[in-house]
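Residue-level structural notes
Take a look at the letters that make up each chain.
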Amino acid sequence: MTLIDLGEVRGDREPGSAPRPPRAVGRPLRAVLAGVLALFVLASSAPVARPASAVLGGKLGSQVVVLGGRVYVLAPEVGSGGSREVTAHATPARAGAGIRTLWHTTVTSTGRLDGVQERDGVALLIDYQPDGVKTVALDVATGERRWQQAGYPALAAGGGLLLLGDDVERGQLRSVDPTSGRVRWSVPGRLGRVAFSDRDADGAAEQVALVTAAGGIELRDAVSGAVRASLAAPPGGWQGGLHVEVAGDLLLASEHDEAEGEVRRMAAYGLAGLDRRWAVERPSFGYAGACGAVLCAFAYQGSELSGLDPATGEVRWTTPRWQSVVAVRGDRLLVIADEQAGGTASHLGVLDAATGREVADLGRWDLAFSRTPGGPYYGTRPDRDGRSLVVVELDLAGAAVRVRDVLPGAAGDCAADGRDIVCRRPSGTYGWWRLPA
C-alpha cells in the first residue's frame, strides 16, 4: 500500500514512509535467549572478518541506494549553486572483484535529492524542492538526462509510471511514459489524498484511489486512467479533511479534524464498487492499513498499536509496548517498540497479526531492508570491539535473528538489495559486500 498527500507531498519509505510511514517474531523466551547468546558467541569467536569486497567513494552526508545490480551514490550539495554529484556503480559478479563505475553526472537542485527508483532502463531521482517534488530521469547505462518533470514517481502496472503532485498549492496525477516523459493521461485540479492498490510481486500500482477537487472519491485504473468506481461527497460535505487508504479489498476513508487532532469518522468501502461496509465514529486511532489478517491501526496521539477486524472495524487487540509496523510477512508483523533510547537502532519484535501476541523480542538493530520485493530484512549493529558490523537476517517466519556476516571496517548507514549490502566506513566512504547465500 502507498499513501501520498498531493496537497503537501513530502519525503517518505522508506516504500516508507512511510507508508507511514510500516518487530519480529520468535520462539519461546528460552529459544530467543539462546539465539541471542549464540549470536554474540559467533560474533565474538568468528575468525578475522574478510576485508570489504569493494570500496566506493562517497562522503558524509551522501545517500546510497542499492537497486537492480547497481549502487547509486547521491552526494550532498557541492558549492553554493545547489549542484549534486550522482554516481552509479555496477556490483561485481563475485566477491573479491572490483566495483565498476558506470557513470557520474551532476544534478542541479535547490532542494534535497533523496531516493532512486528504476523503470525501463531509466533511473528516477526524487528531488524535494521548496515548492514541491520533481522527478529527474537519467539513463541507467550512461547517466544521460532523459527528462525532468514535477511530481513524485510511483511505479504502475503494465510498465507504467505515475507522477503525483505538482507543487504545494495544487496536486495533480499524471501517467507518463518512463523513457520519454510523454504524458499518457492525467487528472488535473487540486486533488487531495491519493492511495494505491499495489501488486505484491513488485509493488506496482494496479488501482489508484483519490480525493477529487470536488471532494468525492474516485477509483481509477492505474494503466488506463479509467474510472472504475466513484463516490460523491455526502450532503453538507465531510466532517473534516478526507484521507484515503487502500487496505486489501477495502478502501478506508477517514475524516480528520486537524485543529482538534482527532478523527471524526473512519468508514470502510468495498474496493470493487465503493459500497459501504462499516463506520466507526470518533475512533481512538487516526490511521489504519493492511496487516495480514487484520487492519493495523495507529493512535492519532500516543503510541498504541491495535489490530482491527476488517469485516466490522472492531478492535481485536491492542498493545501499548509496540508502536509501529515496519513489515508484514504472512501472519507475522515486524514491529518497533515505543521507546526513545537515542541513536539510530530500533527495538524490534514480532507479533502474531491475528491475536497481537508477542512472538519474539529481537532486541535493538539498525534496519537495512532489501529493495527486492519479498527479499530479506536485515539488521546491523557494531560487534564488541566496535571495529566491525554484525549483519543478521530478521527471520519473521522462524521468529529468530540469523547471523549472515561480520563486516570489517563498516560503521553503519547500510542499504541493501538481495545479498548486496553497502555500508558507510569510518572515513565516510562506503564499502560493498555480498552476503553469503
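These notes cover the structure that comes with them. What you are looking at is a predicted structure, and each value in this text was computed from that prediction instead of being measured.

**Points about the state of the cysteines**
A complete count under the given rule lists two disulfides for this structure. Put simply, C291 and C296 are joined by a disulfide, and their sulfur atoms are 2.1 Å apart. Every disulfide takes its handedness from the sign of the S-S torsion; for C291 and C296 that torsion is -120 degrees, giving left-handed. There is no split in this pair, since C291 and C296 are both buried. In this model, C414 is linked to C423 through a disulfide, with the two sulfur atoms separated by 2.1 Å. Between C414 and C423 the sulfur-sulfur dihedral comes to about 110 degrees; the bridge is accordingly right-handed.

**Thoughts on the pairing of strand β33 (residues 400-408)**
Across eight bridges, strand β32 (residues 388-395) lies against β33 in antiparallel orientation. Bridging from a neighbouring strand, V390 pairs with V406 of β33. As consecutive antiparallel partners, β32 and β33 are separated by four residues, and within that stretch A399 has a phi angle of approximately 55 degrees, a positive value.

**A word on the sheet that holds strand β9 (residues 132-139)**
Sheet strands associate in pairs through backbone hydrogen bonding, adopting either a parallel or an antiparallel arrangement. The sheet built from four strands is open, its strands ordered β7-β8-β9-β10 with antiparallel pairing. In this open sheet, the two edge strands, each paired with only one partner strand, are β7 (112-119) and β10 (145-150). Across this sheet, the average inter-strand angle for adjacent strands is 20 degrees, counted without regard to direction. Relative to strand β8 (residues 122-129), β7 runs antiparallel, the two being bridged by six bridges. Counted as the bridge partner of E118 is A123 from β8.

**Some points on the sheet that holds strand β29 (residues 346-352)**
The antiparallel open sheet is built from seven strands, whose spatial order is β27-β28-β29-β30-β31-β32-β33. Strands at the two margins of the open sheet, each flanked by one partner only, are β27 (322-329) and β33. Recorded for the sheet is a direction-independent mean angle of 40 degrees between the axes of neighbouring strands.

**Digging into the packing of aromatic side chains**
Describing an aromatic ring pair means giving the distance of the ring centres and the angle of the ring planes. This structure, assessed with the given rule, holds three aromatic pairs. With a centroid separation of 5.2 Å and 85 degrees between ring planes, the pair formed by F369 and Y377 is classed as edge-to-face. Across the ring face of Y128, the terminal group of R112 is positioned such that the distance to the ring centre comes to 4.6 Å. R381 extends its terminal NZ or CZ atom over the ring of W365, reaching a point 3.7 Å from the ring centre.

**Description of the nonpolar core**
Ranked by internal contacts, the top residues of the largest apolar core, which has 18 residues, are L162, L164, L173, F196 and V208. Among the elements of the structure, β8, β11 (152-156), β12 (160-164), β14 (183-187), β15 (193-198) and β16 (205-211) are those that each provide at least two residues to this core. Formed by 17 residues, the second largest nonpolar core is a distinct cluster that contains I336, L348, Y377 and L394.

**Looking at the pattern of salt bridges**
Here the structure, examined in full by the defined rule, presents 21 salt bridges. One salt bridge connects R184 with D177, and the closest N-O pair in it is separated by 3.1 Å. The partner of D385 in a salt bridge is R387, and the shortest N-O contact between them spans 3.6 Å. Here the salt bridges share partners, and the residues they tie into one network are D257, E262, R264 and R282.

**Topic: the environment of L74**
Note on placement: L74 falls in strand β4 (residues 70-74). The spacing of L74 and G58 is 16 residues in sequence and 7.9 Å in space, taken between C-alpha atoms. Discounting residues that sit within four places of it in the chain, L74 has contacts with G61, S62, Q63, E85, V86, L113, D114, G115 and V116.

**Looking at the pairing of β9**
Most of β9 sits out of view: seven of its eight residues are buried. Inspection of the sheet shows β8 paired to β9 by eight bridges, in the antiparallel sense. Bridge pairing in β9 places A123 opposite L138. When β9 meets β10, the two strands line up antiparallel, connected through five bridges. If you follow T135 over to β10, its bridge partner there is Q149. Where β9 hands over to β10, the hairpin turn is made up of five residues, of which G143 adopts a positive phi near 80 degrees.

Cut-off values and rules
- Residues numbered from 1 in each chain as written.
- Predicted model: local features only at pLDDT ≥ 70, side-chain atom pairs only at ≥ 80, totals over all residues.
- Heavy atoms only, no water.
- Disulfide = S-S within 2.5 Å.
- Buried < 20%, exposed > 50% of the residue type's maximum accessible area, 1.4 Å probe, protein only.
- Pairing = 2+ DSSP bridges.
- Helix = DSSP H or I, 4+ residues; strand = E, 2+ residues; numbered from the N terminus.
- Axes fitted to C-alpha atoms, helices over the stretch in contact; angles between N-to-C directions.
- Phe/Tyr/Trp six-rings, centres within 6.5 Å; stacked < 30°, edge-to-face > 60°.
- Lys NZ or Arg CZ within 6 Å of the ring centre and 35° of its normal.
- Core = buried A, V, L, I, M, F, W, Y, C linked by side-chain atoms within 4.5 Å.
- Salt bridge = Lys/Arg side-chain N within 4 Å of Asp/Glu carboxyl O.
- Contact = heavy atoms within 4.5 Å.

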